[in-house]
Amino acid sequence: MQSELELGTSSISFASYARLIRGNRNFRRLWLAQIVSEIGDWFYTLSIYTLLLQLTGRPSSVALALVLQVLPQTLVGPTAGVVNDRLKRKHVMIGADLVRFAVVLSMLAVRSASMVWLVYPLLLAETTMAAFFEPARSAVIPNIAKSGEVLVANTLSSATWSVNLMIGAALGGLVAAFFGRDVAFVLNAFSFLASAILIGGMRLAEPHAEAAARLRLRDLVNFSPALEGIKYIRGHRILFPTVFAKAGELMVGPSWVIFTVMGAGEFAFHSRTRDAAGGAMLGMSILLGGRGIGALAGPLIAARWAGHSDRRLSFGILLGYLTIACVYVALGVSRNVWMAAGCAMVAHAGGSTVWVFSTTLLQLHSEDRFRGRVFSADLGLASLSFAVTAYLCGRLLDVGISARMIATCTGLMMLIPAGLLTLALRAARAPAVYADHE
């Protein structure tokens, strides 16, 4: 846990990002691994979702795919948290990448509607590995970055995710439309292999693993360490509300289904591609590109304002919720793909700010020996929220409710987490709780 003195008082400048990349070899390798694997992921995501729509004709198939991409992170979370607090997180990330390399290559076996069932267990396997990888990546940041660099590292990672989304959405649609889905699957598989090689070159101390007891097979089904982690989070008045922040982003799950359906339907570009599938992917690419621009800009701007203040980081989460609420209502009345992409841009600027600020608060206020369990809980709660809302969105689309109506209702629902967070912030105004680091 960082003290006020350690966190410093300076605001975040754009030069801070260059200094971090140039001067921190471990972060640089982790950052490059993120770039190659996430660009491959966006190629892959576009291909999977349009493949399911083409072979099944049901929006709920996309919703089910999204559920299988996020729900295992909730179910596996307790085990993943224990593993990440017992083993070296570097080794956990490498192992997860190598398994995902094999899993994604197996997607090449899906050649017809009769084989579409294979997509679902493969997605389940891939996401199970992500449930181990992502908490490890978040938990390792304080081990490779100085305390004053943590927000810089998280903001840069978020900005990189956004740029990767824009590149992957734009190129992924073109690659799949003109070269076929198999090329997208192969590129994504080898991106995981490249990620494993880059992470393998990191050199860092991992004191949590050196001090932990040896991990035994029965520990994987022993929930007492997970319960210990829950008790730790509940006893901390900053960690407890913050660990629910990402789960409050109720638009994340529906957004994938809404953007897929709108991109494949009313916003498809049939005249500019060889076939309907390519046109649908280009429509999706524009919507996802708008989302990526917003997710890039949001934290970069907000981090300069927030600096290292707990209070501003928390208030930034609330502002992010309110931004999402307003703009998703507007998305429901968008008249064309460009207006819809603009709404996606602004809304997900708020959403990305929520993600970065909550991650930073969790990293700065959790002890290293508990950090794997903290981030497994964080990811697990968020994944459960995304899975449930995506599934409900798919079912509502199947019974005839329009994507526009669902977008508007999603915006209104965002007022619920905004209200709950407002109550939590009021309860936490005591100086002992939010002693500003300003």
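Residues numbered from 1 in each chain as written. Predicted model: local features only at pLDDT ≥ 70, side-chain atom pairs only at ≥ 80, totals over all residues. Heavy atoms only, no water.

Student: Help me understand the overall build of the protein chain, please; the structure alone is not making it clear to me.
Tutor: Summing up its helical and strand segments, the protein chain has 20 helices and 0 strands in all. Relative to its 438 residues, the protein chain shows a buried fraction of 60%. Considering only contacts within the protein chain whose residues lie at least 6 apart along the sequence, 87% involve residues at least 24 apart. For the protein chain, the exposed area adds up to about 17,400 Å²; of that, 67% sits on carbon and sulfur atoms. (Helix = DSSP H or I, 4+ residues; strand = E, 2+ residues; numbered from the N terminus. Buried < 20%, exposed > 50% of the residue type's maximum accessible area, 1.4 Å probe, protein only. Contact = heavy atoms within 4.5 Å. Areas by Shrake-Rupley, 256 points an atom, 1.4 Å probe, with all protein chains shown as cover.)

Student: Sorry if this is basic, but what is going on with the packing of helix H3 (residues 25-56) against helix H8 (residues 119-144) here?
Tutor: Two quantities define a packed helix pair, namely the angle between the helix axes and the distance between the axes. Relative to each other, H3 and H8 sit at 155°, their axes nearing to 13 Å. Looking at the two axes, H3 sits roughly antiparallel to H8. Considering the relative orientation of H3 and H8, their crossing is left-handed. Taken together, the residues of H8 that come into contact with H3 (itself represented by Asn 26, Phe 27, Leu 30, Gln 34, Glu 38, Asp 41, Tyr 44, Ile 48, Leu 51 and Leu 52) are Val 119, Tyr 120, Leu 123, Glu 126, Arg 137, Val 140, Ile 141 and Ile 144. Here the residues of the contact of H3 with H8 sort into 12 nonpolar, 2 polar and 4 charged. (Axes fitted to C-alpha atoms, helices over the stretch in contact; angles between N-to-C directions. Parallel < 35°, antiparallel > 145°, perpendicular 65-115°, else oblique. Left-handed = near helix turned anticlockwise from the far one by under 90°. Nonpolar A, V, L, I, M, F, W, Y, C, P; charged D, E, K, R; others polar.)

Student: What is the right way to look at a nonpolar patch on the surface in this model?
Tutor: There is a patch of nonpolar side chains on the surface, built from Trp 305, Phe 315, Leu 319, Leu 322, Val 329, Leu 412 and Leu 415 and spanning about 580 Å² of accessible area. The biggest single contributor to the nonpolar patch is helix H16 (residues 310-331), with 4 residues. The topology assignment puts Val 329 in helix H16. Of the residues examined, Val 329 reaches a relative accessible area of 31% and is grouped as partly exposed. (Patch = residues over 30% accessible without salt bridge, like charges linked within 9 Å, V, L, I, M, F, W, Y side chains within 5 Å. Salt bridge = Lys/Arg side-chain N within 4 Å of Asp/Glu carboxyl O.)

Student: How should I be thinking about the pattern of salt bridges in this particular structure?
Tutor: A side chain of one charge can pair with a side chain of the opposite charge when the charged atoms of the two come close. A complete count under the given rule lists 8 salt bridges for this structure. Arg 369 is paired through a salt bridge with Glu 367; the nearest N and O atoms lie 3.1 Å apart. The exposure class assigned to Arg 369 is partly exposed, which follows from its relative accessible area of 47%. If you follow the salt bridges from partner to partner, you end up with Asp 85, Arg 89, Asp 368, Arg 371 and Arg 373 in one network.

Student: What's the story with the confidence of the model for the protein chain in this structure? I'm lost.
Tutor: Low pLDDT means the predicted atomic positions in that stretch should not be read closely. Overall, the predicted model of the protein chain reaches an average pLDDT of 81, with 86% of residues at or above 70. Every residue in residues 1-10 scores below 50 in pLDDT, and together they form 26 contacts with partners more than four places removed in sequence or on other chains. Taken as a whole, residues 431-438 scores under 50 in pLDDT and shows 26 contacts with residues more than four places along the chain or in a different chain. (pLDDT = per-residue confidence, 0-100.)

Student: What should I look at first to understand the packing of aromatic side chains in this one?
Tutor: Any aromatic ring pair is given by two values, namely how distant the centres are and how the planes are angled relative to each other. Per the counting criterion, the structure on display carries 4 aromatic pairs. Aromatic pair Phe 240 and Phe 244: ring centres 5.5 Å apart, planes at 80°, arrangement edge-to-face. Given the relative accessible area of 36%, Phe 240 is considered partly exposed. Measuring from centroid to centroid gives 6.4 Å for Trp 355 and Phe 386, while their planes differ by 25°, and the two rings are stacked. Taken together, the residues Trp 355 in helix H17 (residues 337-365) and Phe 386 in helix H18 (residues 368-398) connect sequence positions 31 residues apart. Of note, Lys 246 hangs over the ring of Trp 355, and the distance from its end group to the ring centre comes to 5.1 Å. (Phe/Tyr/Trp six-rings, centres within 6.5 Å; stacked < 30°, edge-to-face > 60°. Lys NZ or Arg CZ within 6 Å of the ring centre and 35° of its normal.)

Student: Is there a simple way to think about the environment of Ala 349 in this case?
Tutor: Looking at the element boundaries, Ala 349 is found in helix H17. Under the relative-accessibility criterion, Ala 349 is labelled buried at 15%. Through-space distance from the C-alpha of Ala 349 to that of Pro 299 is 7.1 Å; in sequence the pair is 50 residues apart. In contact with Ala 349, not counting residues within four places along its chain, are Gly 294, Ala 295, Gly 298 and Pro 299.

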